Protein chains: 2
Amino acid sequence: MSAILLVAHGSRRQRSNDEIRELTNAVRAVNDRYDIIECAFLELAEPSIPDGLIALIERGETDIVVMPYFLSAGRHVVEDIPNEIATVTEAYSDVVIRLAPYLGASDAMARLLLEQSIRHDPTAR
Amino acid sequence: MSAILLVAHGSRRQRSNDEIRELTNAVRAVNDRYDIIECAFLELAEPSIPDGLIALIERGETDIVVMPYFLSAGRHVVEDIPNEIATVTEAYSDVVIRLAPYLGASDAMARLLLEQSIRHDPTAR
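Residues numbered from 1 in each chain as written. Chains lettered and ligands numbered in written order. Predicted model: local features only at pLDDT ≥ 70, side-chain atom pairs only at ≥ 80, totals over all residues. Heavy atoms only, no water.

Here we look at unusual backbone geometry
At step 1: For the peptide bond that leads from Glu46(A) to Pro47(A), omega is 0 degrees, which places it in the cis range.
At step 2: Phi is positive for Leu44(B), which is not a glycine, with a value near 70 degrees.
At step 3: Its place among the elements puts Leu44(B) in the loop between β2 (36–41) and α2 (49–58).
At step 4: Judged by relative accessible area, which is 41%, Leu44(B) ranks as partly exposed. (Helix = DSSP H or I, 4+ residues; strand = E, 2+ residues; numbered from the N terminus. Buried < 20%, exposed > 50% of the residue type's maximum accessible area, 1.4 Å probe, protein only.)

Set out below in structure tokens:
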């Protein structure tokens, strides 16, 4: 039983949090491997990262990939997210929680940016 | 003569700004269409968006795609970046500057997140 927990920063602007929930739905739509895809927020929105992890564990997930939806390796990625995860791993030692590299570190990012630029380039007709 | 200007927020943390410059190099490495790929910053780092645009125009670029490296459609994406671009388009009416949708709006994002999760999933061996 494996799952993805997509982790975003969270915003006071509800529209931004809803964008993350819509993105979570979009990941579900392309998913052909995981039982569950959920999202959680570092701050300002619900669920928190520990609450999101515990909800997955209570649904029977034993392998969870935490995927940080962040562009740079700032304090949130380097310290805060690992610290939030650590509060759960200590209590559930039989669950494997793996932290994937943050989005901005993706090898596929450069190509995505190039393709998005071309798609919206009026000269590329 | 067409170019991409990749626009990031900018950070007090130099390492984050350097990440953007490295990403710009990575886009150059996969690019087979544009003459020039450069980056600029909304704040806290150089060049600014107007300076980045003017530098491209002075190098002869006449079609420029501005690609916002942002995850959500907050004020920076909706107001600040268009306003920065507008300060340049008024003075250079013979140059076409197109604003691409921000990164987080990419149709390819869900699949990128799924693939990055799988790649770092210890159970996906």
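Here's the deal with the interface of chain B and chain A
At step 1: Across the boundary between the two partners, chain B contributes 47 residues, which contact 47 residues of chain A.
At step 2: The contact between chain B and chain A buries some 4,200 Å² in all, and 64% of this surface belongs to carbon and sulfur atoms.
At step 3: Considering only the side of chain B, the residues that lose the most area to chain A are Leu71(B), Leu113(B) and Leu114(B), jointly responsible for 14% of the buried surface there.
At step 4: Taking the shortest distance from any N to any O, the salt bridge between Asp107(B) and Arg119(A) comes out at 3.7 Å.
At step 5: Linking chain B to chain A there are twelve residue pairs in polar contact (both at pLDDT 80 or more).
At step 6: Elements that contribute at least two residues to the side of chain B that touches chain A include exactly β1 (2–8), α1 (14–30), β3 (63–68), β4 (96–99) and α4 (109–119) of chain B.
At step 7: Classifying every residue of the side of chain B that touches chain A by side-chain character gives 27 nonpolar, ten polar and ten charged. (Contact = heavy atoms within 4.5 Å. Buried area = accessible area lost by both parts, 1.4 Å probe. Salt bridge = Lys/Arg side-chain N within 4 Å of Asp/Glu carboxyl O. Polar contact = N/O pair within 3.5 Å; in protein donor to acceptor, adjacent residues only side chain to side chain. Nonpolar A, V, L, I, M, F, W, Y, C, P; charged D, E, K, R; others polar.)

A look at the relation of the copies chain B and chain A
At step 1: Between chain B and chain A, the superposition needs a rotation of 180 degrees and an axial shift of 0.0 Å, giving an RMSD of 0.0 Å. Such values leave the two copies arranged in the relation of a two-fold axis. Measuring from the rotation axis to each C-alpha of chain B, the shortest distance belongs to Leu71(B), at 4.0 Å.
At step 2: Both copies share a contact surface, since 100% of the interface residues of chain B are interface residues in chain A too. (Least-squares fit on C-alpha atoms with pLDDT ≥ 70 in both.)

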